[in-house]
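Structural overview
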Amino acid sequence: MKGKITAKRIVFYAAIVVVWQIVFSLNIWSENIFPSPLQVAEDLAYGAADGTLFFGIATSMWRLIVGLAISIAGGITLGVFMARIASVNQTIGSLILGLQSVPSVAWVPMSLLWFGLTDSGIIFVTVASSLFAVTINTYSGMKNIPTSYIAAARNMGTSEAQLITNVMLPAAFPYLISGFKQGWAFAWRGVIGAEIIFSFLGLGFLLNVGRELNDISQVISVMLVIMIIGILIDGFVFKKIERKVMSRWGLA
Amino acid sequence: MTKLEARNIVKRFDHNGNPVLALDGINLKVDEGDFVCIVGPSGCGKSTFLNIVAGLEKPDSGEILLNGNTISTPGPDRTMVFQEGALFPWLKVIDNVEFGLKMAGIPKNERAQISQRYLDMMQLTKFANSYTYQLSTGMKQRVAIARALVMDPEILLMDEPFAALDAQTRDLLLVELQLIWERTKKTILFVTHSIAESVILGNRVVVFKNRPAKIKKEFVIDYRRPRLAEDENLLKYQQEILAELRTEVKAQIKREFEE
Ligand SMILES: Nc1ncnc2c1ncn2[C@@H]1O[C@H](COP(=O)(O)OP(=O)(O)O)[C@@H](O)[C@H]1O
Ligand SMILES: [Mg+2]
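Here is a short report on the structure shown in this document.

Helix and strand counts for chain B come out as 7 helices and 10 strands. In terms of overall size, chain B behaves like a compact globule, its C-alpha atoms giving a radius of gyration of 18 Å where 259 residues would be expected to give roughly 18 Å. Principal-axis analysis of the C-alpha atoms places the extent of chain B at approximately 55 × 40 × 40 Å. Expressed as a percentage of the 259 residues in chain B, the buried residues total 54%. Expressed as a percentage of contacts within chain B between residues at least 6 apart in sequence, the contacts between residues at least 24 apart total 70%. Total accessible area computed for chain B in this model is approximately 11800 Å², and 49% of it derives from carbon and sulfur atoms. Of the side-chain charges in chain B, 35 are positive and 35 negative, and the distance between the mean point of each set is 1 Å.

Residue and element names in this part refer to chain A. A cluster of nonpolar side chains, Val 18, Ile 22, Leu 26, Ile 28, Trp 29 and Ile 33, forms an exposed patch at the surface whose accessible area comes to about 630 Å². Among the structural elements, Leu 26 can be located in the loop between α1 (2-25) and α2 (37-49). The class for Leu 26 is exposed, based on a relative accessible area of 56%.

Quick look at the pairing of strand β7 (residues 155-159) of chain B now. Residue and element names in this part refer to chain B. For β7, a buried count of 5 out of 5 residues is recorded, marking the element as mostly surrounded by other parts of the structure. In this structure, β7 lies alongside strand β8 (residues 187-192), joined through 5 bridges in parallel fashion. Directly across from Asp 159, in β8, lies its bridge partner Val 191. Of the crossover connections in this fold, the one passing from β7 over helix α5 (residues 167-184) to the parallel β8 is right-handed.

A few words on the site of ligand 1. All names here are of chain B. Every residue lining ligand 1 is accounted for by Phe 13, Pro 41, Ser 42, Gly 43, Cys 44, Gly 45, Lys 46, Ser 47 and Thr 48. Interatomic distance of 2.8 Å between a backbone N/O atom of Lys 46 and an oxygen atom of ligand 1. Considered on its own, ligand 1 offers 560 Å² of accessible surface; in the complex 58% of this is hidden by protein. Broken down by element, the shell around ligand 1 gets its largest block of residues, 3 residues, from helix α1 (residues 46-54).

Looking now at unusual backbone geometry. All names here are of chain B. Going from Arg 225 to Pro 226, the amide bond is cis rather than trans, its omega being -5°. One non-glycine residue with positive phi stands out, namely Ala 86, at about 55°. Tracing the backbone through its elements, the reader meets Ala 86 in the loop between β6 (80-81) and α2 (93-103). Positive phi values are uncommon outside glycine, yet Lys 185 reaches one of about 55°. Of note, Lys 185 is situated in the loop between α5 and β8. Under the relative-accessibility criterion, Lys 185 is labelled exposed at 62%.

A word on helix α11 (residues 216-248) of chain A. For α11 of chain A, with 33 residues, the first-to-last C-alpha span of 47 Å sits near the 48 Å given by 1.5 Å per residue. Of all bends in α11 of chain A, the biggest is about 30°, found at Phe 238 of chain A.

Before going further, it helps to examine the nonpolar core. Formed by 49 residues in total, the largest nonpolar core has its most connected members in Phe 35, Met 158, Phe 162, Leu 177, Ile 188, Phe 190 and Ile 241 of chain B. The element that contributes the greatest number of residues to this core is helix α4 (residues 137-149) of chain B, accounting for 7 residues. A domain-level breakdown of this core finds at least three residues from each of domain 1 (1-77 + 154-229) and domain 2 (87-152) of chain B. Core analysis: the second largest hydrophobic core is formed by 44 residues, Leu 68, Val 219, Ile 229 and Ile 233 of chain A among them.

You can see Ile 94 of chain B is positioned in helix α2. What Ile 94 of chain B contacts, discounting residues up to four positions off in sequence, is Ser 115, Leu 119, Ala 128 and Asn 129 of chain B.

Attention shifts here to α4 of chain B. With 13 residues, α4 of chain B should reach 18 Å at 1.5 Å per residue; the first-to-last C-alpha distance of 18 Å fits that figure. Counted residue by residue, α4 of chain B has 11 buried out of 13 residues, so it is predominantly covered. Within α4 of chain B the residues assigned to the buried category are Gly 138, Met 139, Gln 141, Arg 142, Val 143, Ala 144, Ile 145, Ala 146, Arg 147, Ala 148 and Leu 149 of chain B. Where α4 of chain B is buried, its residues contact α7 (147-155) of chain A together with β6, α2, α3 (108-121), β7 and α5 of chain B.

What follows covers the packing of aromatic side chains. Geometrically, a pair of aromatic rings is defined through the distance of the ring centres and the angle of the planes. By the definition in use, this model includes 17 aromatic pairs over all chains. A centroid spacing of 6.2 Å and a plane angle of 80° characterise the contact between Trp 107 of chain A and Phe 124 of chain A, whose relative ring orientation is edge-to-face. Of this pair, Trp 107 of chain A sits in the loop between α4 (86-100) and α5 (108-115) while Phe 124 of chain A sits in helix α6 (residues 119-143), and the two are 17 residues apart along the sequence. Here the aromatic cluster, defined as three or more aromatic residues joined through ring pairs, consists of Tyr 149, Phe 173 and Trp 249 of chain A together with Phe 88, Trp 90 and Phe 99 of chain B. Just above the ring of Phe 88 of chain B sits the side chain of Arg 147 of chain B; from NZ or CZ to the centre is 5.1 Å. Note that Lys 236 of chain B overlies the ring of Tyr 237 of chain B, its terminal NZ or CZ placed 4.0 Å from the centroid.

What follows covers the pattern of salt bridges. For the structure shown, the criterion picks out 18 salt bridges over all chains. Of the charged contacts in the structure, one is a salt bridge between Lys 181 of chain A and Glu 242 of chain A, with a shortest N-O distance of 3.4 Å. With a gap of 61 residues between them, Lys 181 of chain A in helix α9 (residues 173-198) and Glu 242 of chain A in helix α11 connect regions that are remote in the sequence. Between Arg 170 of chain B and Asp 171 of chain B there is a salt bridge; the shortest N-O distance is 3.8 Å. Its relative accessible area of 27% is what places Asp 171 of chain B among the partly exposed residues. One network of salt bridges, with partners in common, ties together Arg 63, Asp 119 and Glu 195 of chain A.

Each value, and the rule that gives it
- Residues numbered from 1 in each chain as written.
- Chains lettered and ligands numbered in written order.
- Predicted model: local features only at pLDDT ≥ 70, side-chain atom pairs only at ≥ 80, totals over all residues.
- Heavy atoms only, no water.
- Helix = DSSP H or I, 4+ residues; strand = E, 2+ residues; numbered from the N terminus.
- Rg over C-alpha atoms; globule rule 2.2 N^0.38 Å.
- Buried < 20%, exposed > 50% of the residue type's maximum accessible area, 1.4 Å probe, protein only.
- Contact = heavy atoms within 4.5 Å.
- Areas by Shrake-Rupley, 256 points an atom, 1.4 Å probe, with all protein chains shown as cover.
- Lys, Arg positive; Asp, Glu negative; His and termini not counted.
- Charge placed at Lys NZ, Arg CZ, Asp CG, Glu CD.
- Patch = residues over 30% accessible without salt bridge, like charges linked within 9 Å, V, L, I, M, F, W, Y side chains within 5 Å.
- Salt bridge = Lys/Arg side-chain N within 4 Å of Asp/Glu carboxyl O.
- Pairing = 2+ DSSP bridges.
- Right-handed = clockwise from strand over helix to strand, strands pointing away.
- Near = heavy atom within 4 Å.
- Polar contact = N/O pair within 3.5 Å; in protein donor to acceptor, adjacent residues only side chain to side chain.
- Expected span 1.5 Å × (residues − 1).
- Bend = angle between axes of the 7 residues up to and from the residue.
- Core = buried A, V, L, I, M, F, W, Y, C linked by side-chain atoms within 4.5 Å.
- Domains from an automatic or database assignment.
- Phe/Tyr/Trp six-rings, centres within 6.5 Å; stacked < 30°, edge-to-face > 60°.
- Lys NZ or Arg CZ within 6 Å of the ring centre and 35° of its normal.

Written out as structure tokens, the structure is:
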């Protein structure tokens, strides 16, 4: 079953490359607009060989990880307060719903004014992009805990603080995971978007350089890298955790 | 000696803006080491009463005394076994069993000693490192009982713990619970809608009247243990209680029909 799906995928992607090569061979557009698969592959090999690509990946990933870590810590804290204190939810809660609808690149001008062309500026955009998704998911998780868990815990003499850390947060874990997953997706868009505009290192910067040099192969190869990182993190990190959590929590 | 006393417990619920009387002055004394069953039709207020005893809900008036002292908050001196088990799926069986001890700050090796005893008693040793999703419903209830017993409560509260089990598993656990009661000498207050269950388990069976709940009558089941589910001598006790409840059930059906 699984092998069959993999086979289908390989055929599909191979077909894309073949069609791409055929279209390229028809010479409809110039090479500067429409490169061949080989040119993109060469560009990838070149970027890998001279290290720029790995440095770009490392820079973007580092910003992503720092930003996402801040969002996870902050989002869980905010979500817990919203779930436990009604007036926090009624006030800050409504603001957060509003802020979540702000597209991540819309934070860039503010970030440039506040932080200038720095790592902190890009991390700020990353946090602003992902914080509210984590917050909202934590809040719904806390609100959807079976009341019997709380009754059982209080019954065994659990204090209020223990109740939150030892019962409510673990009980809400399936929701937290979807918050992290959404948060990561928003954070990744935020990092790349900010890097393009800040033009200060990272994969987004490499995209921008590609555009400035009129190097379409570089633009496409960096886009491919961004996409592949997305697929890997989604498939290997989140899918695995999600599957494990769902079955253990009895949700699958 | 009286272990637990409920004095004139009254509880109202808000039902679409109208207060509805759920418990209408429940008076009950449970002696130390006794096994008391409360039986009554579904929705008559058994869980509400047990939650008040546990301290999970507050009565509108009346009080609960444990060893002569008024109680108002939940505590590990009155642990409860719920119908749904309410086990924590993120913890292994052994960590579920040790949960209350851990919260109480008892050191790890001491916890392990205590939990081992109850894992053995509930025949769970093999499953100590399993997660709850890997267990059958019957196994889950064993874990829930072990988790409540490790706290060495003054009184064990059980709210229809066997209602979701298949008949064979339930019959087995009905016998086991009697053996555990004899071994641990715990005071048990057990709530069920099943008359058969109540006469198998209880020294005393307290019959709740429906809407608002009141104690209608009490039966003493003076019969040897362990009592088996298929013991026909228990039928006469069942019939006595059924006769008492029949008028209740009829009234309820009539009410539901009219609603
Ligand atoms: N939190 C609540 N709010 C409103 N009504 C409730 C609440 N809890 C229980 N009731 C009502 O009180 C009555 C008794 O419920 P319960 O104690 O659960 O009965 P039992 O356990 O005997 O089946 C029922 O009519 C139920 O609808
Ligand atoms: Mg009930």
